[in-house]
Amino acid sequence: MPHTNAKDHIDAMLHETRVIEPSAAFKATAKVSRADYERLYRQSLDDPDQFWGDVAAELHWFKPWDTVLDWQEPHAKWFVGAQTNVAYNALDRQVERGLGDKKAFIWEGEDGEVRTYTYAELLREVCKAANALEGLGVQAGDRVTLYMPLIPEAAIAMLACARIGAAHSVVFGGFSVSALTDRINDAQSKILITADAGYRRGQPVNLKANADEAAKNTPNLEKILVVRRAGTPVEWQEGRDVWWHDAVGSASEQHQAAALDSEQPLFVLYTSGSTGKPKGVLHTTGGYMVGTYLTTKTVFDLQDDDIYWCTADVGWVTGHSYSVYGPLLNGATVVLYEGAPNQPDWGRFWDIIQKHRVTILYTAPTAIRSFMRQGDDIPAKYDLSSLRLLGSVGEPINPEAWMWYYRTIGGERCPIVDTWWQTETGSIMLTTLPGAFPSKPGSAGLPMFGVEPTLMTHEGDELGPDDGGLLVIKRPWPSMLRTVYGDDERYRKSYWGEIKGVYFAGDGARRDADGYYTIVGRVDDVLNVSGHRLGTMEIESALVGHSSVAEAAVVGKPDEVKGECVVAFITPQLGHTVDAKELRAHVSREIGALARPDAIYITDAMPKTRSGKIMRRFLRQIAAGHDIQGDTSTLEDPSVLERLKATQAV
Ligand code: WTA
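Keep in mind that what you see is a predicted model, and the values were worked out from it rather than measured.

Cut-off values and rules
- Residues numbered from 1 in each chain as written.
- Predicted model: local features only at pLDDT ≥ 70, side-chain atom pairs only at ≥ 80, totals over all residues.
- Heavy atoms only, no water.
- Helix = DSSP H or I, 4+ residues; strand = E, 2+ residues; numbered from the N terminus.
- Rg over C-alpha atoms; globule rule 2.2 N^0.38 Å.
- Buried < 20%, exposed > 50% of the residue type's maximum accessible area, 1.4 Å probe, protein only.
- Contact = heavy atoms within 4.5 Å.
- Areas by Shrake-Rupley, 256 points an atom, 1.4 Å probe, with all protein chains shown as cover.
- Lys, Arg positive; Asp, Glu negative; His and termini not counted.
- Charge placed at Lys NZ, Arg CZ, Asp CG, Glu CD.
- 1 Å grid on protein atoms, 1.4 Å probe; cavity = no way out; pocket = protein on both sides within 12 Å on 5 of 7 lines; lining within 4 Å.
- Points joined across faces, edges and corners; volume = space filled by probe spheres on them.
- Nonpolar A, V, L, I, M, F, W, Y, C, P; charged D, E, K, R; others polar.
- Salt bridge = Lys/Arg side-chain N within 4 Å of Asp/Glu carboxyl O.
- Pairing = 2+ DSSP bridges.
- Expected span 1.5 Å × (residues − 1).
- Polar contact = N/O pair within 3.5 Å; in protein donor to acceptor, adjacent residues only side chain to side chain.
- Axes fitted to C-alpha atoms, helices over the stretch in contact; angles between N-to-C directions.
- Parallel < 35°, antiparallel > 145°, perpendicular 65-115°, else oblique.
- Left-handed = near helix turned anticlockwise from the far one by under 90°.
- UniProt positions renumbered as here; feature names shortened; annotations may be inferred.

Caption draft 1: Expanded view of the overall build of the protein. For the protein, the helix and strand inventory stands at 21 helices and 32 strands. Here the C-alpha atoms of the protein give a radius of gyration of 24 Å, agreeing with the 26 Å that 2.2 N^0.38 yields for 650 residues. Along the first, second and third principal axes, the C-alpha atoms of the protein reach 70 × 60 × 55 Å. Every one of the 650 residues in the protein was classed for burial, and the buried ones make up 62%. Considering only contacts within the protein whose residues lie at least 6 apart along the sequence, 71% involve residues at least 24 apart. Surface exposure of the protein reaches about 23,900 Å², of which carbon and sulfur atoms provide 47%. Once the 66 positive and 86 negative side-chain charges of the protein are each reduced to a mean point, those two points are 1 Å apart.

Caption draft 2: Region of interest: empty space enclosed by the protein. In the structure shown here, the tally under the stated rule is three cavities of 30 Å³ or more. Computed from the structure, the largest cavity encloses a volume of approximately 80 Å³. The wall of the largest cavity is formed by 13 residues, among which W52, S427, I428, F449 and V451 lie closest to the centre. Among the elements that make up the lining of the largest cavity, the one with the highest residue count is helix α11 (residues 285–299) (three residues). Split into classes, the residues belonging to the lining of the largest cavity amount to nine nonpolar, four polar and no charged. Considered as a void within the structure, the second largest cavity measures approximately 50 Å³ in volume. Lining the second largest cavity are 13 residues, and of these P415, I416, P434, F437 and S439 lie nearest its centre. Secondary structure elements with two or more residues in the lining of the second largest cavity: α16 (399–409) and β20 (416–419). Across the lining of the second largest cavity, the residue classes break down as 10 nonpolar, two polar and one charged.

Caption draft 3: Molecular detail of the pattern of salt bridges. The final tally for this structure, using the stated rule, is 40 salt bridges. With its nearest N and O atoms 3.2 Å apart, the salt bridge here joins D383 to R357. Remark: R357 occurs in the loop between α13 (348–356) and β18 (360–363) and D383 occurs in the loop between α15 (377–380) and β19 (389–393); sequence separation between them is 26 residues. Overall, R357 belongs to the partly exposed group, its relative accessible area being 38%. A salt bridge links K440 to D514; its shortest N-O distance comes to 2.6 Å. On the criterion of sequence distance, the pair formed by K440 in the loop between β21 (430–431) and β22 (446–447) and D514 in the loop between β26 (503–511) and β27 (517–522) is long-range, its members being 74 residues apart. What makes K440 buried here is its relative accessible area of 13%. By relative accessible area, which is 52% here, D514 ends up exposed. One continuous salt-bridge network, built from bridges that share partners, spans D111, E113, R115, E153, R229 and E338.

Caption draft 4: Region of the structure containing the pairing of strand β2 (residues 75–80). As paired strands, strand β1 (residues 67–72) and β2 are joined by five bridges and run antiparallel to one another. Looking across to β2, one finds that D70 is bridged to K77. As consecutive antiparallel partners, β1 and β2 are separated by two residues.

Caption draft 5: Helix α5 (residues 86–99), seen in detail. Between its first and last C-alpha atoms α5 spans 17 Å; for 14 residues at 1.5 Å apiece the expected length is 20 Å, and the helix comes up short by more than 12%. The element α5 is extensively covered by neighbouring structure, given that 10 of its 14 residues are classed as buried. Those residues of α5 lying buried are V86, A87, Y88, N89, A90, L91, D92, R93, Q94 and L99. Here the buried face of α5 lies against β3 (83–84), α6 (119–135), α7 (152–164), β14 (265–271), α11 and α12 (317–329). Near the N-terminus of α5, the side chain that reaches the backbone nitrogen of A87, with its oxygen 2.9 Å away, is that of N85.

Caption draft 6: Molecular detail of the packing of helix α14 (residues 365–374) against α16. Direction vectors running N to C along α14 and α16 enclose 70°, while the axes themselves pass 10 Å from each other. Put simply, α14 runs roughly perpendicular to α16. Of α16, the residues touching α14 (which contributes I368, R369, F371 and M372) are E400, A401, W404 and Y405. Residue classes in the contact of α14 with α16 are distributed as six nonpolar, no polar and two charged.

Caption draft 7: Summary view of the packing of α7 against α12. Two elements in contact, α7 and α12, have axes separated by 11 Å at closest approach and are oriented at 60°. Classed by the angle they form, the pair α7 and α12 counts as oblique. For the element pair α7 and α12, the recorded crossing hand is right-handed. Residues A155, M158, L159 and A162 of α7 form the contact with α12, whose own contacting residues are H320, V324, Y325 and L328.

Caption draft 8: Representation of the UniProt feature "binding site: CoA" (unreviewed entry) in the protein. According to UniProt, the feature "binding site: CoA" (unreviewed entry) maps to R200, R201, G202, Q203, T318, N342 and S530 in the numbering used here. Separation in sequence by 331 residues is matched in space for these annotated residues, since their most distant C-alpha atoms are 24.6 Å apart. Tracing the chain through its elements places R200 in strand β9 (residues 198–200). According to the relative accessible area criterion, R200 is partly exposed, its value standing at 36%. Not counting residues up to four positions away in its chain, the partners in contact with R200 are E110, V205, E338, G339, A340 and P341. Positionally, R201 belongs in the loop between β9 and β10 (203–205). Given the relative accessible area of 44%, R201 is considered partly exposed. Aside from chain neighbours lying at most four places away, what touches R201 is E110, A340, N342 and Q343.

Here is the structure:
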């Protein structure tokens, strides 16, 4: 059963009965009414070919499809036989329909620099970048790794890859050398695109130096394309390293978007699973395009004059689908912000909203909780009246944070869309369309078009309302992952093999009498720390890689701001002492700072069954400071628990 902060969360939810209706003013102009939703949702299930065909027809296809869906479980092909191009649809199409002078991106650096790109300008930059990449030997079907700060060039590079038909693999700039190395090798990328450095909390983060380190162990890597962002000194390897401003700066502005097969890989994005190394989630062209296009349009109720800001970094799926592809496919004006929410102070987000007259804000509960902690007087200093819609993503939002967001940021005027989805799903799966349905704080809501969720037991029995269970999806949808890159067996097993015939999301959920789903957290060994997925196994294997550690077990602990934080239990190697500070630095080096344990318990023994399995259930109780509950008789040595309870974490 869900193990994270599920219990507290369920308790809060059970007492949560508020229902918040969208205002009449919002409803009056909303793209989708309740009646529209009901009719279209029904159609999307009863006649998916017609439904998806109609949506897809709003976009440009070089060649139409023969069949909407070819489903050979667990493999789906969407818009079979069609040819299209996501970058063409995001840019050329917008210019052709008269949006050339409309702002596509308003980018703000952490240092306050602002750059804007119209659709015509962005198209030109993407064409130049596509020509430059081709000049470096990139071809359709290749993989290109990106390791970049949130600067416009990151989105330009993604779109340039899409234009050529090369799959990008974006590695979050906060990941370590070793994580970057693994991802380059797994994707077999020949080209890496990075920057000299990015800014984070006022400090330059030396991405190029990490790229140089990674390149020592990535035999397939031929070129490193480097954006000059911070002007920091970099090492340079002639013949391998190329400046972006040289290669892209001198490239032609003319580039014809490739007519790509609908199933051409668009990107690989690595995410943590419950076992082993991160999985390269593969998304393809046509279905992903249609899914992100439709959900951005309807969930965010995009109107022509909206200024839309999704705060996610392009290193995560939210940054792919809702900072870049979805909004550009809709011709929206998108705000991008490079830095931290507290630079130079905790008013930064509100300052950006005030300055650029942001109308739609899409962010994560962890950010909302951090702001909430800083008090209401900070947002009160800013004019947030431009906002008309708020969104939440990445982790369950607790009702208090929801209400704070609603009142203090949204002025009780803006509906909140709590959107549940995953790297694997590609686009939003559950939410309440803002003009169509009331929200219930803490509950994600109803299925999006074409999504058929239900709750099941592990044995595959369907559950009724008010029974907590495993969230599954009963049929394929266009933006679903196609496979795990290079490991189709893992794809079969993890997603369509856990419970026969359905997609297994890995989340536990409840459903109320109105059909609203409330997500209670992961049911596997995946933690959600500040909205970022981390596998406990990954952190454990980093820890045991340290010479002082004999054995490690990692669990999550509820955290007021981060949602969950990382707690490690360590038994030292004989004759070694464990230095907690050094161990944290080690995890940062191996994975990235986001995986650093918040608390470390050093112990001489773990609670194990007689067959040697660590009982993480008890470790979670100890980490949370709870009394030990459950049957301890299967433990080889139950006294271990008492000793652990008496241990101080460091
Ligand atoms: C969690 C992020 C509750 C969930 C888009 C899921 C959520 C995992 C929500 C995917 C939400 C995401 N309410 N939980 N609105 N959105 N999650 O792949 O556990 O980084 O399985 O995708 O985040 O995380 P991922």
